[in-house]
Amino acid sequence: MKLHTLIPADAIATRVGELGRALAAELAGEPVLMVGVLTGGVVFLADLIRAMPDQPMEIEFLAARSYAGTESTGTVHITQDLASPIAHRHVVLVEDIVDTGLTLTRIREALLARRPRSLRVVTLLDKPSRRRVPFTPDWVGFEIEDRFVVGYGLDLDGAYRNLPYVGELVSDEV
Ligand code: 5GP
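Residues numbered from 1 in each chain as written. Predicted model: local features only at pLDDT ≥ 70, side-chain atom pairs only at ≥ 80, totals over all residues. Heavy atoms only, no water.

### Considering the site of the ligand
Looking at the ligand, there are 15 residues lining it, with T100, T103, K127, V149 and D155 nearest. In this structure, an oxygen atom belonging to the ligand sits 2.8 Å away from a side-chain N or O atom of K127. V149 places a polar main-chain atom, nitrogen or oxygen, 2.7 Å from a nitrogen atom of the ligand. Protein coverage of the free-state accessible area of the ligand, which is 510 Å², stands at 81%. (Near = heavy atom within 4 Å. Polar contact = N/O pair within 3.5 Å; in protein donor to acceptor, adjacent residues only side chain to side chain. Areas by Shrake-Rupley, 256 points an atom, 1.4 Å probe, with all protein chains shown as cover.)

Structure below.
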């Protein structure tokens, strides 16, 4: 397998800067809880929060897993939950990629039940052609086609998360 660069590091940095400024402008100085969705969202979260240096914020993480064999029913479980209550707080979920939409639909449902003041979703990547449930993130870094990508937090069997760019694995035979 070969790795082709799909989104170079400098393009990611530019876009993350834009997203950070837009998000901070919309929050207008109100404190926010930035929630990184583990594990893929950590690299994006780390860069995004530094693109919002004047924004009062706390950060937390949660993890969700969809179970094998149950994809058709969309069974997604929160495997690591937030440490603090979110009622009456502005919350932003920070995700690496939205694919079928199942994971964020489930997480959003669970968090909305806790009555946050607002709940927004920002994702670095979006594959809208793969949706199985309607889901529209509030902010998207890059829309991509139906390709399996790695890097900048995204893995293949645990590997490649530390690449500074987003790449696509392609077979050597092509
Ligand atoms: P969804 O529930 O929207 O189908 O899936 C979201 C999760 O699927 C992401 O958080 C990510 O872990 C995984 N995923 C979806 N597409 C890709 C991809 O192209 N590459 C990688 N590495 N993971 C993906």
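### Focus on the nonpolar core
The biggest cluster of nonpolar side chains holds 25 residues, and the ones touching the most others in it are L23, M34, F44, L48, V122, L124 and L125. Of all the secondary-structure elements, those providing two or more residues to this core are α1 (9-27), β2 (32-38), α2 (42-50), β5 (90-98), β6 (118-126) and β7 (139-143). Broken down by element, this core gets its largest block of residues, five residues, from α1. In this view, L23 contacts M34, L48, M52, V92, R120, V122 and W139; residues no more than four positions away in its chain are not counted. (Core = buried A, V, L, I, M, F, W, Y, C linked by side-chain atoms within 4.5 Å. Buried < 20%, exposed > 50% of the residue type's maximum accessible area, 1.4 Å probe, protein only. Helix = DSSP H or I, 4+ residues; strand = E, 2+ residues; numbered from the N terminus. Contact = heavy atoms within 4.5 Å.)

### Let's talk about α1
For α1, which comprises 19 residues, the first-to-last C-alpha distance of 27 Å matches the rise-based estimate of 27 Å (1.5 Å per residue) to within 8%. Here α1 has its buried residues at I12, V16, G17, L19, G20, L23 and L27. A28, located one to two residues past α1, shows a positive phi value of around 50°. (Expected span 1.5 Å × (residues − 1).)

### Digging into the pairing of β6
Within β6, nine of the nine residues are buried, leaving the element largely enclosed by the surrounding structure. Two strands pair when backbone bridges link them, and β5 and β6 are joined in this way by eight bridges, in the parallel orientation. Counterpart to V94 in the pairing with β6 is V122. Taken together, β5, helix α3 (residues 102-112) and β6 constitute a β-α-β crossover, and its handedness is right-handed. Bridge count for β6 against β7 is four bridges, and the pairing is parallel. Counterpart to V122 in the pairing with β7 is W139. (Pairing = 2+ DSSP bridges. Right-handed = clockwise from strand over helix to strand, strands pointing away.)

### Details of the sheet that holds strand β8 (residues 149-150)
With antiparallel pairing, the three strands of this open sheet are ordered in space as β1-β9-β8. Looking at strand neighbours, the two that pair on one side only are β1 (2-7) and β8, the edges of this open sheet. Examined bridge by bridge, β1 and strand β9 (residues 166-170) share five bridges and lie antiparallel to one another. Paired with K2 across the strands is V170, a residue of β9.

Interpretation note: all reported values are geometric properties and have no functional meaning in isolation.
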